[in-house]
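Take a look at the letters that make up each chain.
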Amino acid sequence: MTMWKQAIEDALRVVRADIARFGDQFPHVSNGDRVYQLNNNTDWTEGFWSGMLWLSYEYSGDEAFREAAAKTVGNFRRRLENRTNLDHHDIGFLYSLSAKAQWIIEKDEAAKKLTLEAADVLLERWREKTQILQAWGRKDDPENGGRIIIDCMMNLPLLHWAYKHTGDEKYRQIAATHSDKSRRFLVRGDDSSYHTFYFDQETGDSLRGGTAQGYRDGSTWTRGQAWGIYGFALAYRYLGQPEYLETAKRLARYFIERFPEDDVVYWDFDAPVTPETKRDSSASAIAAAGMLEILGFLSADDPDRAMLQDAVERSMTSLVKNYSTIGEEDAQGLLKRGSYSVRGGAAPDDYVIWGDYFYLETLLRLEKGLTGYWYERD
Ligand code: GLY
């Protein structure tokens, strides 16, 4: 059995136990006690649990996973009807991995309709004057009204998918314009990235880069860089413009050149490394998935191929051997040592559900060539 297959089998053992453990609730992060905090689908992260259930079902064919996954979609339907905490751009994370996943796997018409409705809610974040999708806060929010964040690149596949299924150009146009702005303003000349960038809400003028979860405004938050690697690769998939693939490669090269000794990154590339510095295992899992997405576009003689393949192999080997919960009987999560927000005091160095999702997605890509739910496979 390959190391990847062994890791998948063990992950599914944990997910199966979690279905009973979590009931109708959704895991978010744990707080240093290896016990997932649960909620009723009220944060930005619940899609990852749904996505893990769908991936587990696709890998195993076990109806228990399907049933649990389909149940989460019902919950996402109620969330949209009630508009429960949807005033942010992470609609893409939430609905791509839940309702869109169900459409991709089963061609379920109700799931398709729900996904299209979710895409329309994401479009409400579009701001004409700045030509951006506003990440956080209400429309006229003085701090956040003109702000984009690099994470949003992973929310845009929802709009591209909506374009594919409606033929309505507005979804594609908005995703394309936002991608272009993100590439020009969030990615820096040395291939590092800002977490966030501000525009003047009235004039649309570019103002400055900044951070929310990174070490300082000009630093490179590793998870942001990872969202960029995967997000720009997906922009290339949907828009076909070579600059997006090139951007994804540049961000990946920067990330790889800064691997620490055990190949799993710290939380920010500019944070001083001491024995206390936190890792972010989730950043490594996201980046590995993104690098596999890039690799899918490269020809056999592409000069970056070997670097990317080696980086995926090294990251995933270290995650499996040094960071996973393989063999830990009562583990609730798959990956230890994720960091949510170190600067914000929310870095218990523990489980984060998106880390678990991308770890499983990457393992399934490696073992079975099974991609996640960011795009349709046919
Ligand atoms: N998208 C929010 C985060 O990565 O923490």
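Residues numbered from 1 in each chain as written. Predicted model: local features only at pLDDT ≥ 70, side-chain atom pairs only at ≥ 80, totals over all residues. Heavy atoms only, no water.

On the UniProt side, "active site" (unreviewed entry) is annotated at positions that read Asp90 and Asp151 here. These annotated residues cover 62 residues of sequence, and their C-alpha atoms lie no more than 8.6 Å from one another, placing them together at a single site. Checked against the element boundaries, aspartate 90 lands in the loop between helix H3 (63-82) and helix H4 (91-96). If we ignore the near neighbours within four places in the chain, the residues touching aspartate 90 are Trp44 and Asn155. For aspartate 151, the position within the fold is in the loop between strand E5 (147-149) and helix H7 (157-166). Looking at aspartate 151, the relative accessible area reads 9%, which means it is buried. Residues within four places of aspartate 151 in sequence aside, it is in contact with His89, Phe93, His195, Trp221 and Trp227. (UniProt positions renumbered as here; feature names shortened; annotations may be inferred. Helix = DSSP H or I, 4+ residues; strand = E, 2+ residues; numbered from the N terminus. Contact = heavy atoms within 4.5 Å. Buried < 20%, exposed > 50% of the residue type's maximum accessible area, 1.4 Å probe, protein only.)

Turning our eyes to something else, we now look at the packing of aromatic side chains. Counting across every chain of the model gives 32 aromatic pairs. Note on tyrosine 236 and phenylalanine 297: the rings are 4.9 Å apart at their centroids and 85° apart in plane angle, and the pair reads as edge-to-face. Of this pair, tyrosine 236 sits in helix H9 (residues 222-239) while phenylalanine 297 sits in the loop between helix H11 (281-295) and helix H12 (305-323); the two residues are 61 residues apart in sequence, bridging distant segments of the chain. An aromatic cluster of three or more residues is present, and its members are Trp44, Phe48, Phe93, Trp227, Tyr230, Tyr340, Trp354, Tyr357, Phe358 and Trp374. The ring of tryptophan 103 carries the charged tip of lysine 107 above its face, separated from the ring centre by 5.2 Å. Looking at arginine 188, its charged tip hangs above the ring of tyrosine 194, at a distance of 4.4 Å from the centre. (Phe/Tyr/Trp six-rings, centres within 6.5 Å; stacked < 30°, edge-to-face > 60°. Lys NZ or Arg CZ within 6 Å of the ring centre and 35° of its normal.)

Here the focus is the layout of surface pockets. Where empty space is left becomes clear once a probe the size of a water molecule has been rolled over the atoms. Estimates place the volume of the largest pocket at around 200 Å³. Along the wall of the largest pocket there are 16 residues; nearest its centre are Gly23, Asp24, Ala68, Lys71 and Thr72. Where the lining of the largest pocket is concerned, the elements lending two or more residues are helix H1 (3-22), helix H2 (46-60) and H3. Of the residues forming the lining of the largest pocket, the biggest block, seven residues, is contributed by H3. Looking at the lining of the largest pocket residue by residue, the class counts come to six nonpolar, five polar and five charged. (1 Å grid on protein atoms, 1.4 Å probe; cavity = no way out; pocket = protein on both sides within 12 Å on 5 of 7 lines; lining within 4 Å. Points joined across faces, edges and corners; volume = space filled by probe spheres on them. Nonpolar A, V, L, I, M, F, W, Y, C, P; charged D, E, K, R; others polar.)

Below, the discussion takes up the pattern of salt bridges. Here the idea is simple: oppositely charged side chains can pair when their charged atoms come close. Inspection of every chain in the model, using the stated rule, returns 35 salt bridges. Of the charged contacts in the structure, one is a salt bridge between glutamate 143 and arginine 147, with a shortest N-O distance of 3.7 Å. A residue is classified by how much of its surface remains accessible, and glutamate 143, at 44% relative accessible area, is partly exposed. By sharing partners, the salt bridges in this structure join Arg237, Glu293, Glu361 and Arg365 into a single network. (Salt bridge = Lys/Arg side-chain N within 4 Å of Asp/Glu carboxyl O.)

Here the focus is the side chain of arginine 125. Topologically, arginine 125 is positioned in the loop between helix H6 (109-123) and strand E3 (126-127). By relative accessible area, arginine 125 is classed as buried at 2%. A polar contact is formed between the side chain of arginine 125 and the backbone oxygen of alanine 135, at a distance of 3.4 Å. Discounting residues that sit within four places of it in the chain, arginine 125 has contacts with Asp87, His88, His89, Ile132, Leu133, Gln134, Ala135, Trp136 and Gly137. (Polar contact = N/O pair within 3.5 Å; in protein donor to acceptor, adjacent residues only side chain to side chain.)

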